[in-house]
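# Working through the structure, step by step
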Amino acid sequence: MVKLDFNLERDVPELTGKVILITGGTNGLGAAAAVMLARRNPAKIYITGRNESAAQHVIADIKSTGTQTETVWLRCDHANLASVKEAAEVVSAKESRLDVLMANAGVMARPPGLTNDGYELQFGINHVAHALLIRKLLRLLQKTAKEHGEARVIPISSLAFVLAPRGHGIVFDDLKTTQEYWILGKWQRYAQSKLANLLYGRELARRYPEIVTLVADPGPSNTGLVSNLGFLDKMIVYLGNIGRFLDVDQGHWNQVWAVGVPKDQAKGGELYEPVGKPSQAYTHWCLDSNLAERLWDWTEEELRPWLT
Ligand SMILES: NC(=O)c1ccc[n+]([C@@H]2O[C@H](COP(=O)([O-])OP(=O)(O)OC[C@H]3O[C@@H](n4cnc5c(N)ncnc54)[C@H](OP(=O)(O)O)[C@@H]3O)[C@@H](O)[C@H]2O)c1
């Protein structure tokens, strides 16, 4: 196992008064991040997802730490933009501040499929839904930055983006198809979506520098995302990450670090590997500002009906 240098009390200041939203907070890294962040006493943590009973377990875990943090489960299905819009509207209506939006929910290596709104499944869940949430909550984040000194967006990407489709990075023409044409199809579709998480984060940082956007690669760890894979896919993960695998109790550390790092010690739009290390693993797509801009424009066009 990799040895990491992270200490919650040393690396994350008290979060008194802050409101945090973690997508996919019902399980895996999002749940672990919520439990850990609650120990720094924010006012409120929203965890989103579809699984209410898993959410109740996370809330019970948080309560058992003795924290005063209020924890709220918010139903939000990323395969259905109407549900994402509704969740964002609940937060905007209830909250006068949003200090951290951790865009963490995700699926990996799923068979071909489409979301309810007709997007390639992994792209729709991992990128399009997060983009809608970010865009709907942008004004609240800006207000928080203005009134409280900062607000953060923490998109969770993955170094799996190295497998993004050659020659394209993102195949815009086919994002509303199941994209069944690659040999490593489910992995390339995942890679494409994780590249989008990074590029959208970079573009968000460029367009809205008043918001601190830090992209995190959690590093590989044995959450349900990995342990629920079939044998061959698990082998792909294990063999592709020799020497990188983290203890399952450490997988969330990097995204928790991103909540706490002083804003003048991190660079907006940068990808951080565990823990807090600027990535050296960029492919040329990751740094392609034209691709990032094209993704932003494509996404804006797609979200237009949902932003009214
Ligand atoms: N674990 C790793 O090795 C690793 C490595 C690199 C990057 N990542 C990234 O880290 C993030 C978290 O992964 P994880 O390992 O914690 O996975 P996980 O244990 O499978 O948890 C995934 C979370 O996403 C939510 N989710 C899945 N589909 C959803 C949907 N349609 N709508 C709303 N929420 C949905 C789930 O909530 P519900 O079931 O309640 O909907 C769950 O809370 C992902 O973005 C992943 O790409 C993970």
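Residues numbered from 1 in each chain as written. Predicted model: local features only at pLDDT ≥ 70, side-chain atom pairs only at ≥ 80, totals over all residues. Heavy atoms only, no water.

### A look at the sheet that holds strand β1 (residues 19–22)
Pairing within the open sheet is parallel, and its six strands lie in the order β3-β2-β1-β4-β5-β6. Each edge of the open sheet is held by one strand with a lone partner, namely β3 (70–75) and β6 (212–213). Strand contacts of helix α9 (residues 253–260): β4 (100–103) and β5 (152–155), with the helix running at about 165 degrees to β5, the strand carrying the most contacts. (Pairing = 2+ DSSP bridges. Helix = DSSP H or I, 4+ residues; strand = E, 2+ residues; numbered from the N terminus. Contact = heavy atoms within 4.5 Å. Axes fitted to C-alpha atoms, helices over the stretch in contact; angles between N-to-C directions.)

### Observations concerning the packing of aromatic side chains
Centre distance and the angle of the planes are the two values used to describe a pair of aromatic rings. Applying the stated criterion to the full structure yields nine aromatic pairs. Between the aromatic rings of phenylalanine 6 and tryptophan 253, the centroid separation amounts to 5.5 Å while the plane-to-plane angle is 40 degrees, which identifies the pairing as tilted. Of the two residues, phenylalanine 6 sits in the segment before α1 (8–11) while tryptophan 253 sits in helix α9, which places them 247 residues apart along the sequence. The same class applies to phenylalanine 6 and to tryptophan 253, which are both buried. Within the aromatic cluster, the residues linked to one another by ring pairs are Tyr119, Phe123, Phe172 and Trp298. (Phe/Tyr/Trp six-rings, centres within 6.5 Å; stacked < 30°, edge-to-face > 60°. Buried < 20%, exposed > 50% of the residue type's maximum accessible area, 1.4 Å probe, protein only.)

### A word on the site of the ligand
The full set close to the ligand counts 31 residues, and Thr26, Leu29, Arg50, Tyr190 and Thr223 are the nearest of them. Within the contact set of the ligand, an oxygen atom lies 2.6 Å away from a side-chain nitrogen or oxygen of arginine 50. At 2.9 Å, a backbone N or O of serine 221 approaches an oxygen atom of the ligand. Out of a free accessible area of 890 Å², the ligand has 92% covered by protein chains. It is helix α7 (residues 224–227) that contributes the most residues to the shell around the ligand, three residues altogether. Looking at the shell around the ligand residue by residue, the classes come out as twelve nonpolar, 15 polar and four charged. (Near = heavy atom within 4 Å. Polar contact = N/O pair within 3.5 Å; in protein donor to acceptor, adjacent residues only side chain to side chain. Areas by Shrake-Rupley, 256 points an atom, 1.4 Å probe, with all protein chains shown as cover. Nonpolar A, V, L, I, M, F, W, Y, C, P; charged D, E, K, R; others polar.)

### Concerning the sheet that holds strand β9 (residues 277–278)
Spatial ordering of the open sheet is given by β7-β8-β9, a layout of three strands whose pairing is mixed. The open sheet is flanked by β7 (215–216) and β9, the only strands paired with a single partner. The pairing of strand β8 (residues 271–273) with β9 spans two bridges and is antiparallel. The partner of glutamate 273 across the bridge, within β9, is lysine 277.

### Details of a nonpolar patch on the surface
Together, Val162, Leu163, Ile183, Leu184 and Ile236 make up a nonpolar patch on the protein surface, roughly 470 Å² of accessible area in all. When you line up the elements, valine 162 lands in the loop between β5 and α6 (185–207). (Patch = residues over 30% accessible without salt bridge, like charges linked within 9 Å, V, L, I, M, F, W, Y side chains within 5 Å. Salt bridge = Lys/Arg side-chain N within 4 Å of Asp/Glu carboxyl O.)

### Details of the nonpolar core
Counting 52 residues, the largest nonpolar core has Leu101, Leu137, Ile170 and Leu195 as the members making the most contacts within it. For this core, the secondary structure elements donating two or more residues are β1, α4 (81–94), β4, α5 (121–148), α6 and α10 (289–303). When residues of this core are assigned to their parent elements, the largest contribution, twelve residues, is made by α5. Once you skip the residues sitting within four places of it in the chain, leucine 137 turns out to touch Leu21, Ala88, Val91, Ser92, Leu98 and Leu101. In this structure, Ile22, Trp253, Val261 and Val275 belong to the second largest nonpolar core, which totals 37 residues. (Core = buried A, V, L, I, M, F, W, Y, C linked by side-chain atoms within 4.5 Å.)

### Some details on unusual backbone geometry
Leaving glycine out, the prevailing phi sign among residues is negative, and the prevailing peptide bond configuration is trans. Geometrically, the link from proline 274 to valine 275 is a cis peptide bond, its omega value of -25 degrees lying close to zero. Within the element layout of this structure, valine 275 appears in the loop between β8 and β9. Even without being glycine, glutamine 179 reaches a positive phi, approximately 45 degrees. With respect to the element layout, glutamine 179 can be found in the loop between β5 and α6.

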